[in-house]
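Remarks on the overall topology
Now for the letters of each chain:
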Amino acid sequence: MQTQFSKKENMKKQDKIKPKYNILQNTLYMVKLAWISKEKKVLILGALSAMLAVGLNLIGLYISPVIISAVESEVPIAQLVVIIAAFVAGLMLTSAASAYVDENAMFGRITVRSELINMINRKACTTSFPNVHDDKFTALLSKASECVSGNSQATEAVWQTLTTLTTNIVGFAIYIVLFSTVQPILMLIIVATTFVSYLVGNLANTYKYRHREEEAEAERHMEYISRCSDNAAAKDIRIFGLRPWLQSVYDKAMDAYVSFQNRVQKVFLAGKIVDVVLTFCCNAAAYAYLIAMVLNDKLTVAEFLLYFTAVGGFTQWVTGILNGFYTLHSQSVDISTVREFLEFPEPFNLESGENIPESDSFVLTLENVSFRYPKAEKDTLTNINLTLHNGEKLAVVGLNGAGKTTLVKLMCGFLDPTQGRVLLNGTDIRKFNRQQYYGLFSAVFQNFSLLATSVAANVAQSEENIDMNRVRRCVELAGLKQKVESLPQGYESKLNRTVYEDAVMFSGGETQRLMLARALYKNAPIILLDEPTAALDPLAEADMYQKYDSLSDGKSSVYISHRLASTRFCDRIVLIDNASICEEGTHEQLLKAGGKYARLFEVQSKYYKRGGGEVE
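Heads up: these notes are all about the structure in this document. Numbering of residues begins from 1 in every chain and follows the order in which that chain's sequence is written. Since the coordinates come from a predicted model, pLDDT governs what is reported: local features require at least 70, and pairs of side-chain atoms require 80 or more to be given and counted, while whole-chain, interface and lining totals use all residues. By convention in this description, side-chain values take in all heavy atoms of the structure and omit both hydrogens and water.

What follows is about the sheet that holds strand β9 (residues 572-577). Strand pairing is assigned whenever DSSP detects at least two bridges linking the two strands. Here a helix means four or more residues in a row that DSSP labels H or I, a strand means two or more in a row labelled E, and each is numbered from the N terminus. Here we have six strands laid out as an open sheet, ordered β6-β7-β8-β3-β9-β10, and mixed in their pairing. Every interior strand has two partners, whereas the edge strands, β6 (441-444) and β10 (580-585), have only one. Between one strand axis and the next, the sheet turns through 15° on average, direction left out of account. One ladder, built from five bridges, connects strand β3 (residues 393-397) with strand β8 (residues 556-561); its direction is parallel. Residue pairing for β8: Leu 394 is matched across the bridge by Val 558. Against the sheet, helix α21 (residues 596-605) contacts β3, β9 and β10, and its axis sits at roughly 90° relative to β9. Every axis corresponds to a line fitted to the C-alpha atoms, with the helix fit spanning only the stretch in contact, and the corresponding angles, defined between N-to-C directions, vary from 0 to 180 degrees. We call two residues in contact whenever any of their non-hydrogen atoms come within 4.5 Å of each other.

In structure tokens:
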């Protein structure tokens, strides 16, 4: 009970949260975006479409009254034919022009939405690294991506809403002038009844939205049961006889879902009944008034037909304006979400900041560095003092969870210390342009990415201006030349089967060599390897690290591993334990000291055998 109450309270709080920007601000934002993205025709075609729609309505409104008036006036047949032909030609031309404009308006609208997609992708790919793990940022990214995911989403549909709203406002203004010549009271009756009908209909239409969490909960339960039938759970369902339980859970969720939908339909039905009654009363009053005017010879038959038809049209204009603003408000909330994501604060100097001075020597220093993740109760790293000298090969070792990856993220500028400083040649890296700073590093992480593109582009990390001679040289140095050149398309062979069905699949070792080729291609002065070979066996990892060592001569390198034997070749080794550096030295010095490093090495070495002997 408490849980359900809390959900309802949270829903109420969410519904009361106001978007950062209002309807006018978001409308002007979309207009500006269309203007700067060179899609001004979206605005022009939207206005033209609205005028043509009003024109079609007026032609349809006047065609019968004008023809009847001509017949009453006993105009010649030839003149009557001309009048009819003129209306038919007007209808045909206006309809054709309206269809042409509407069809061509779509392309510009898609372009504007595509520009927003590019902006969202650019923000997501280039944002400061801490934002990637910020719950608010990731939630906004998800919502913003949904808001640009299709033609019916707000960022494209808003143009149709604005066009329709303009049509209704212009039509309403024209009909106001038309009814003012008859009796203003008639206009007030129509507006009042239409407005009341709209309010009742709006309450019915929003009932489902206001109770959406109830529907979503039932849907989540049913979706969960459906997912349980996949291959991952198939064995457990059969071994433990879970099918009856799953069926009962699904049936309960389905009953709740059906009960909710029945309530929704009852509310909708009540709203429709009220709408029908109000519409009947409005039309009855209007038609009675018009008939009375005809009987009192205040209106001709043609005028009666004109106003009789206009009553329904006027109601539609009023309803259209109300619905248009309601829809525009809903779409404005989504557009505001997109804008809030694009304007999410950046803690780093990604584009600004000082330029990094040119140098052949880079010294990286961590000075009294501590770091604690948001909402964490204690530091992941505490009071770290560490210097990576130019050209040095440094190993950072420790058990899983010791903070080795966090240390790498601090060194390469993905994170800023909670306390202390990271210095590059004596200058705090927070003063530098962070994008330039990233350029100093060539890194391979535990979870590296294979792009859905060619082998060459994966090595170069770009599809433009690829130096193929350099790609071939790096692939050869990485020991992958024979494999790549044996493929049907060679260096143009595609990777990643999520996009290409005929993509090449590399083994774990081959993928590691591809990562090595990628690191060599960038040719950055500092190389960071954060356990990229953790999925390989210890012998393969040691061999791969030796390969990196032999090909990165003269560069500063940081090797991260929890397997101590893999990094024994390094100039210096630091052991992280309890969030701090507890031991430091060469492999031989640490073994001789007989501390934690020596004890861990002794335990691990028992499992690393080659041909019956210990790994050397």
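If you walk across this open sheet you meet the four strands as β2-β1-β4-β5, and the pairing is antiparallel. For this open sheet the edge positions go to β2 (381-388) and β5 (427-428), each flanked by a neighbour on one side alone.

Attention now moves to the pattern of salt bridges. Any Lys or Arg side-chain nitrogen located within 4 Å of an Asp or Glu carboxyl oxygen qualifies as a salt bridge. Going through the model one piece at a time under the given rule, you end up with 13 salt bridges. We note a salt bridge from Asp 428 to Arg 430, for which the minimum N-O separation is 3.2 Å. Relative accessibility thresholds used throughout: buried, under 20% of the residue-type maximum; exposed, over 50%; partly exposed, between the two (1.4 Å probe, protein chains only). Overall, the relative accessible area of 31% leaves Arg 430 in the partly exposed class. Three or more residues joined by partner-sharing salt bridges are found here, namely Glu 392, Arg 572 and Glu 584.

This part takes up the packing of helix α3 (residues 41-72) against helix α12 (residues 301-342). At a minimum axis distance of 8 Å, the contact between α3 and α12 shows a crossing angle of 170°. Classed by the angle they form, the pair α3 and α12 counts as roughly antiparallel. Here Asn 57, Leu 61, Tyr 62, Ser 64, Pro 65, Ile 68, Ser 69 and Glu 72 of α3 come into contact with α12, specifically with Val 301, Ala 302, Leu 305, Leu 306, Thr 309, Ala 310 and Trp 317. Each residue belonging to the contact of α3 with α12 can be placed in one class, and the counts come to ten nonpolar, four polar and one charged. Geometric relationships in this document are graded by angle, where less than 35 degrees denotes roughly parallel, more than 145 denotes roughly antiparallel, 65 to 115 denotes roughly perpendicular, and other angles denote oblique. Nonpolar residues are Ala, Val, Leu, Ile, Met, Phe, Trp, Tyr, Cys and Pro. Charged residues are Asp, Glu, Lys and Arg, and all others, Gly as well, are polar.

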